[in-house]
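# What the coordinates show
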Amino acid sequence: MDYQAVLEEVAAHARPFVRQGRVADYIPALERVSADRFGIAVADIHGEVYGVGDWEVPFSVQSISKAFSLALVMAQSHGGHDDGIWRRVGREPSGTPFNSLVQLEAENGIPRNPFINAGALVVTDRLQTLTGDASTSMLHFLREESGNPDLAFDQSVADSEAEHGDRNAALAYFMASFGNLENPVPSVIEHYFWQCSIEMSCRDLAVAGGFLARHGLRADGSRLLEAREAKRINAVMLTCGTYDAAGEFAYRVGLPAKSGVGGGIIAVIPGRCTLCVWSPGLDARGNSVAGAAALDHFTTLTGWSVF
Ligand SMILES: NC(=O)CC[C@H](N)C(=O)O
């Protein structure tokens, strides 16, 4: 496969969609990002990386971090007993927006899945218990997997998230009232905001997500996850990774994917490669418009999907 040629064609196809979405404006630090950006990268399972456009420009990973925090929690609790976390968070699509509160009361403080905010807060809480420092352990992991030692938190994004974080705080306090958090709410939301604020490029994310395509093997060949655990994360990404658009995304793209309101989306082709696309303009559900168009075109051109 001539990845470079495919990416060029995908980028040409996606360009007209770049200005169609709306840049996230719930915090000033994200609102400042130029809507014109577009980049896409592919990392194959052997470590070769290809990219087009703004593929080396760092952006705010936001909810893409939710896939990595789940992987880290599963990696620390495996040996056949990953049900610890699954007693506290479900694995069903929510059909509601990523920051919705409505299901939590009826479902006793157990979030539908780890990729909506409530679920990610529970996962971060678990990671905090397991590591003593959830956000730093994720940053270190991402530096190692991406091979980029310069990865860092964006302090202005993290501060801005905290300043405008009433809804996430409400989710966390509500779950705490059901006994579904182990650590104090202020510390859980702080680590969650730091994780969201990590800046990475398409290159960094495609490479760092390689273990999902390598059935759980890390970049250095050591095992992070059992093959069945990697399979499970991919399954939850497919069904829940793009929030209340996951059905539409599976229909159009047919790949496990995780999006973030920074405009990034990672997608996995198990056994082959990991992709990351970035364009800040979002649709009403918080997914990158040009990013979705690019992944749609990529799977159309290559004929690769999990189906
Ligand atoms: N969908 C997202 O990327 C949401 C992340 C964002 N920081 C929030 O918590 O609201």
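All residue numbers refer to positions counted from 1 along the written sequence of the respective chain. Residues qualify for local features only when their pLDDT is at least 70, as the model is predicted, and side-chain atom pairs are given and counted only at 80 or more; totals for whole chains, interfaces and linings, by contrast, use all residues.

For the protein, an unreviewed UniProt entry supplies the name Glutaminase and the organism Streptomyces glebosus. UniProt positions are given in the numbering used here, feature names are shortened, and annotations may be inferred rather than shown by experiment. What the UniProt record of the protein gives under Catalytic activity (unreviewed entry) is the line "L-glutamine + H2O = L-glutamate + NH4(+)". Of the comments in the UniProt record for the protein, the one headed Sequence similarities (unreviewed entry) reads "Belongs to the glutaminase family."

### Looking at the site of the ligand
Only the C-beta atom, placed from the backbone, is used; a residue is near a molecule or strand if that atom lies within 6 Å of it. Around the ligand sit Q62, S63, F98, N99, N117, E161, N168, C196, G260, V261 and G286, and those are all the residues in its vicinity. Gly is put with the polar residues, along with every residue not named as nonpolar or charged; the nonpolar set is Ala, Val, Leu, Ile, Met, Phe, Trp, Tyr, Cys and Pro, and the charged set is Asp, Glu, Lys and Arg. Taken together, the residues that form the shell around the ligand break down as three nonpolar, seven polar and one charged.

### Examining helix α10 (residues 185-197)
Segments assigned H or I by DSSP are reported as helices when at least four residues long, segments assigned E as strands when at least two residues long, and all are numbered from the N terminus. Take the number of residues in a helix, subtract one, and multiply by 1.5 Å to get its expected span. For α10, which comprises 13 residues, the first-to-last C-alpha distance of 18 Å matches the rise-based estimate of 18 Å (1.5 Å per residue) to within 8%. With C-beta atoms placed from the backbone, a residue is buried if 20 or more other C-beta atoms are within 10 Å of its own, exposed if 12 or fewer are, and partly exposed between those counts. Counting buried positions along α10 yields ten of 13 residues, so the element is predominantly enclosed.

### What about unusual backbone geometry?
Even without being a glycine, N108 presents a positive backbone phi close to 55°. One can find N108 in the loop between α5 (102-106) and α6 (117-131). Even without being a glycine, H215 presents a positive backbone phi close to 55°. Relative to the helices and strands, H215 is located in the loop between α12 (210-213) and α13 (227-240). Note on H215: 18 C-beta atoms within 10 Å, which makes it partly exposed.

### Describing the packing of α6 against helix α9 (residues 166-177)
Interaxial angle, 0 to 180 degrees, is taken between N-to-C directions of lines fitted to C-alpha atoms, where a helix line uses only the stretch in contact. Taken N-terminus to C-terminus, the directions of α6 and α9 make an angle of 65°; their axes are 10 Å apart at the nearest point. Between α6 and α9 the crossing geometry is right-handed. Packed against α6, whose contacting residues are N117, A118, L121 and V122, the element α9 presents N168, L171, A172 and M175 at the interface. Broken down by class, the residue content of the contact of α6 with α9 amounts to six nonpolar, two polar and no charged. Handedness of each helix crossing follows the sense of rotation of the near helix against the far helix: counterclockwise by less than a right angle gives left-handed, clockwise gives right-handed. The contact criterion used here is simple: two residues whose C-beta atoms, placed from the backbone, lie within 7 Å are in contact.

### Some thoughts on the sheet that holds strand β8 (residues 264-269)
When DSSP locates at least two bridges between a pair of strands, those strands are taken to pair. Read from one edge to the other, the open sheet built from five strands follows the order β3-β2-β9-β8-β7, with strand pairing classed as antiparallel. Lying at the two open borders of the sheet, with one neighbouring strand each, are β3 (49-53) and β7 (257-259). On average, adjacent strands in this sheet sit at an angle of 10° to one another, irrespective of strand direction. Looking at chain direction, strand β2 (residues 39-44) and strand β9 (residues 273-278) are connected through six bridges and run antiparallel. What sits directly across from I40, in β9, is V277.

### A closer look at the UniProt feature "binding site: substrate" (unreviewed entry) in the protein
UniProt's feature table lists "binding site: substrate" (unreviewed entry) at S63, N117, E161, N168, Y192, Y243 and V261, given in the numbering used throughout. Within the secondary structure, N117 sits in helix α6. N117 sits in the buried class, given 23 other C-beta atoms within 10 Å. In this view, N117 contacts F98, N99, N168 and L171; residues no more than four positions away in its chain are not counted. Within the fold, N168 resides in helix α9.

### Some remarks on the pairing of β3
Buried residues dominate β3, accounting for five of its five residues. Inspection of the sheet shows β2 paired to β3 by five bridges, in the antiparallel sense. Across the sheet, the residue bridging to I40 is V52, located in β3. Between the antiparallel neighbours β2 and β3 lie four residues, among them G47 with a positive phi of about 100°.

### Things to note about the pairing of β9
Within β9, six of the six residues are buried, which leaves the element mostly enclosed by the surrounding structure. By the alternation rule, side chains of β9 split into C273, L275 and V277 and T274, C276 and W278, which are all buried. Where β8 lies against β9, six bridges are found, and the strand directions are antiparallel. The residue of β9 that forms the bridge with I269 is C273. Where β8 folds back on β9, the antiparallel hairpin that results is connected by three residues, among which G271 adopts a positive phi of roughly 85°.

### Examining the confidence of the model for the protein
With 98% of its residues at a pLDDT of 70 or more, the protein shows a mean pLDDT of 95. Taken over the whole predicted complex, pTM reads 0.97, whereas the ipTM for its chain interfaces reads 0.93. The pLDDT value tells you how sure the predictor is about a given residue, anywhere from 0 up to 100.

### A few points about helix α7 (residues 134-146)
In a regular helix each residue adds 1.5 Å, so 13 residues correspond to 18 Å; α7 covers 18 Å between its end C-alpha atoms and thus fits that length. A134, S135, M138, L139, F141, L142, E145 and S146 are the residues of α7 that are buried. Along the long axis of α7, the arc covered by the buried residues comes to 165°, so they all point the same way. Just downstream of α7 lies G147, where phi reads positive at about 75°. The arc in question is formed by the directions pointing from the helix axis toward the C-beta atoms.

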